[in-house]
Amino acid sequence: MKKTKPSSSPISSAETIAHNQDLLFQFLIRIPPKPLLKLKLISKQWLSLISSLQFSHSHSLHHQNQGFLTPTALFLGIGNCYIPPFELPVLPLNPQTKVPILDFIDDPHFKILQSCNGLLLGHCCYKRNEGSRYFICNPTTRKFKMISLPVSQSGSLRAVNLAFDPIKSPYYKVICVRKLPSPSNRFGIYIYSSKSDEWDDSWISFGANEYIRFDYGVFCNGIIHWNSNGRKSLRFDLENKVLKKMPMLAPMFQAPEESEDEDSRYFGESRGHLHLGVTYMPLRLKFNVFEMAADYSHWFLKYSLNLDDAMKAFPDFGLPALDIYYGFRILSVIRSEGEVSKVVILVDCKAICYELKGGILLNLYELKQCPETLNRCPLNYIGVQVYQYFETLSCV
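Since the model is a prediction, treat every value here as computed from it, not as a measurement. (Residues numbered from 1 in each chain as written. Predicted model: local features only at pLDDT ≥ 70, side-chain atom pairs only at ≥ 80, totals over all residues. Heavy atoms only, no water.)

A. Local environment of the overall build of the protein. Within the protein, the secondary structure is distributed over 8 helices and 24 strands. Out of the 396 residues in the protein, the part that is buried amounts to 51%. Pairs at least 24 apart in sequence give 50% of the contacts found in the protein among residues at least 6 apart. (Helix = DSSP H or I, 4+ residues; strand = E, 2+ residues; numbered from the N terminus. Buried < 20%, exposed > 50% of the residue type's maximum accessible area, 1.4 Å probe, protein only. Contact = heavy atoms within 4.5 Å.)

Below is the structure:
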């Protein structure tokens, strides 16, 4: 009788993968970010591989079609105050997600300025004698890097923006916008690259009006877009270093019937689409979500929403009467595969996650760490900034 050759044991197969760098690489890039952080402890070889720039980029490419570009939580910035990290309100969008605490940042007080595909841009304010100190961090890996603005830059600082697309490159860029001393309407753009770890010697001079909000920059499809209080704004193509104009919505454009004025606007991006969300006065749970056309010619109405009927299914939620004191704001528009998108709104320290296509109210959250500021002032007065959290291995 012919004997069959015994199959390889699980131990020998594991040893084969562990000692073959190519096999190990292909095995590890298939694992989600959080478990990979624990696998770093197995050996120095695994630590070196998982921590490498090449691996983090390959990991992003492998997971790009598996929900990688969908945020799992929102960090909230309330007002203009610098607050310790343990007081930063966090809104989980996925019950399985354990949102990291930003206690690893090397400053007792800081402010997040922008989130961009897994990385956060922030400003340290505690050591004021050291001048403006900015940082890039990855909340998932708890890595942190300080970036100082060049002393030689002239003019007053208007904004610092972050540009990062982990699908196209493992490197990020920081954009500094300054108001030049003269003439009165001239600004300058300075660019830092993590690849060279330095600021470009050359800079870009341009003219702009004071309505453009350079501090509200949104990175989308390789371009920084700036919000504006006027009818026009600007966008900056980083690869070609070209500035172009883009339209902004006229006040009350396609507003719901019986609306008398706009209350607040949300300006953001999701999966390569630029969005404007508008709430109206008198305050009701009615709002519009607009989307920018691919050729930047105009904004078109993507969704016109009314949450009144959806909220009737939750009589115990205890929403206050929507008068001018409380108000509500759109926190984020989140696109998913197959046009199944969600919008997150904040009403009196209560967050509502609403599915746009089916009109289904998905989750209700009460922010337990909501600052006292929200209990004293209307939302449209204090300002609420939102920073999406993505689980990623991207290096800083």
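Back to the text.
B. Molecular detail of unusual backbone geometry. Residue Pro-282 is bonded to the preceding Met-281 through a cis peptide linkage, with omega at -5 degrees. Along the chain, Pro-282 turns up in the loop between β17 (273-281) and β18 (286-292). Located in the positive-phi region is Gln-254, a residue other than glycine, with phi close to 50 degrees. Positionally, Gln-254 belongs in the loop between β15 (242-247) and β16 (261-270).

C. Up close: the sheet that holds β16. Ordered in space as β16-β17-β18-β19, the 4 strands form an open sheet in which the pairing is antiparallel. Looking at the sheet topology across the chains shown, the edges are occupied by β16 and β19 (299-306). Here the strands of the sheet are splayed against their neighbours by 20 degrees on average, with no regard to which way each runs. Inspection of the sheet shows β17 paired to β18 by 5 bridges, in the antiparallel sense. Within β18, the residue paired with His-275 across the bridge is Glu-291. (Pairing = 2+ DSSP bridges. Axes fitted to C-alpha atoms, helices over the stretch in contact; angles between N-to-C directions.)

D. Structural detail: the environment of Leu-102. Note on placement: Leu-102 falls in the loop between β2 (90-92) and β3 (110-116). Since its relative accessible area comes to 2%, Leu-102 is described here as buried.

E. Looking closely at the pairing of β18. The buried count for β18 comes to 6 of 7 residues, which makes it a mostly enclosed element. Taking the residues that link successive antiparallel strands as the turn, the β17-β18 hairpin has 4 residues. Sheet analysis places β18 next to β19, joined by 7 bridges and oriented antiparallel. Paired with Phe-290 across the two strands is Leu-301, which belongs to β19. Count of turn residues in the β18/β19 antiparallel hairpin: 6 residues, of which Tyr-296 carries a positive phi of about 65 degrees.

F. Structural detail: the sheet that holds strand β5 (residues 133-138). Read from one edge to the other, the open sheet built from 4 strands follows the order β3-β4-β5-β6, with strand pairing classed as antiparallel. Strand pairing shows two members of the sheet lacking a second neighbour, β3 and β6 (143-148), which therefore form its edges. The average angle at which neighbouring strand axes cross in this sheet is 25 degrees, direction not considered.

G. How the structure looks around the pattern of salt bridges. Considering all chains together, one arrives at 8 salt bridges under this definition. Close ionic contact of Lys-34 with Glu-391 constitutes a salt bridge, the shortest N to O distance being 3.7 Å. Placement of Lys-34 in helix α3 (residues 33-39) and of Glu-391 in the segment after β24 (384-389) is noted, with a sequence separation of 357 residues between them. Salt-bridge contacts for Glu-210 lead to Arg-158; the nearest nitrogen and oxygen are separated by 3.2 Å. Residue Glu-210 is found in the loop between β11 (204-207) and β12 (212-220), and its partner Arg-158 is found in strand β7 (residues 156-164); the two are separated by 52 residues along the sequence. (Salt bridge = Lys/Arg side-chain N within 4 Å of Asp/Glu carboxyl O.)

H. Structural view of the nonpolar core. One finds Tyr-172, Val-174, Phe-214 and Trp-226 to be the most contacted residues of the largest nonpolar core, which totals 34 residues. Going through the elements one at a time, β4 (119-124), β5, β7, β8 (172-179), β9 (186-193), β12, β13 (223-228) and β14 (232-237) are the ones with two or more residues in this core. Excluding its chain neighbours within four sequence positions, the residues that come into contact with Val-174 are Ile-136, Ile-147, Val-160, Asn-161, Leu-162, Tyr-190, Ile-191, Tyr-192 and Trp-199. In terms of nonpolar packing, the next biggest core, distinct from the first, is built from 19 residues, Ala-310, Ile-330, Leu-356 and Leu-361 among them. (Core = buried A, V, L, I, M, F, W, Y, C linked by side-chain atoms within 4.5 Å.)

I. Structural context of helix α2 (residues 21-28). For α2, the full list of buried residues reads Leu-24, Phe-25 and Leu-28. All buried residues of α2 fall inside an arc of 100 degrees around its axis, so they share one side. (Arc of directions from axis to C-beta.)

J. Broad picture of helix α5 (residues 53-63). Three or more residues of α5 are buried, namely Phe-55, Ser-56, His-57, Ser-58, His-59, Ser-60 and His-63. Tucked into the core, α5 has its buried residues touching α2, α3 and α4 (44-50).

K. Quick look at the side chain of Glu-269. Mapped onto the elements, Glu-269 comes out in strand β16. Among buried Asp, Glu, Lys and Arg side chains, Glu-269 stands out as unpaired, with Arg-335 the closest opposite charge at 8.4 Å. Dropping the residues within four chain positions of it, Glu-269 is found in contact with Val-218, Phe-219, Cys-220, Leu-274, Val-333 and Gln-388. (Lys, Arg positive; Asp, Glu negative; His and termini not counted.)

L. Broad picture of the pairing of strand β22 (residues 350-355). The buried fraction of β22 is high, at 6 of 6 residues. Across the two faces of β22 the burial is the same, with Lys-350, Ile-352 and Tyr-354 and Ala-351, Cys-353 and Glu-355 all buried. For strand β21 (residues 342-347) and β22, the ladder comprises 6 bridges, and the chain directions are antiparallel. Bridge pairing in β22 places Val-344 opposite Cys-353.

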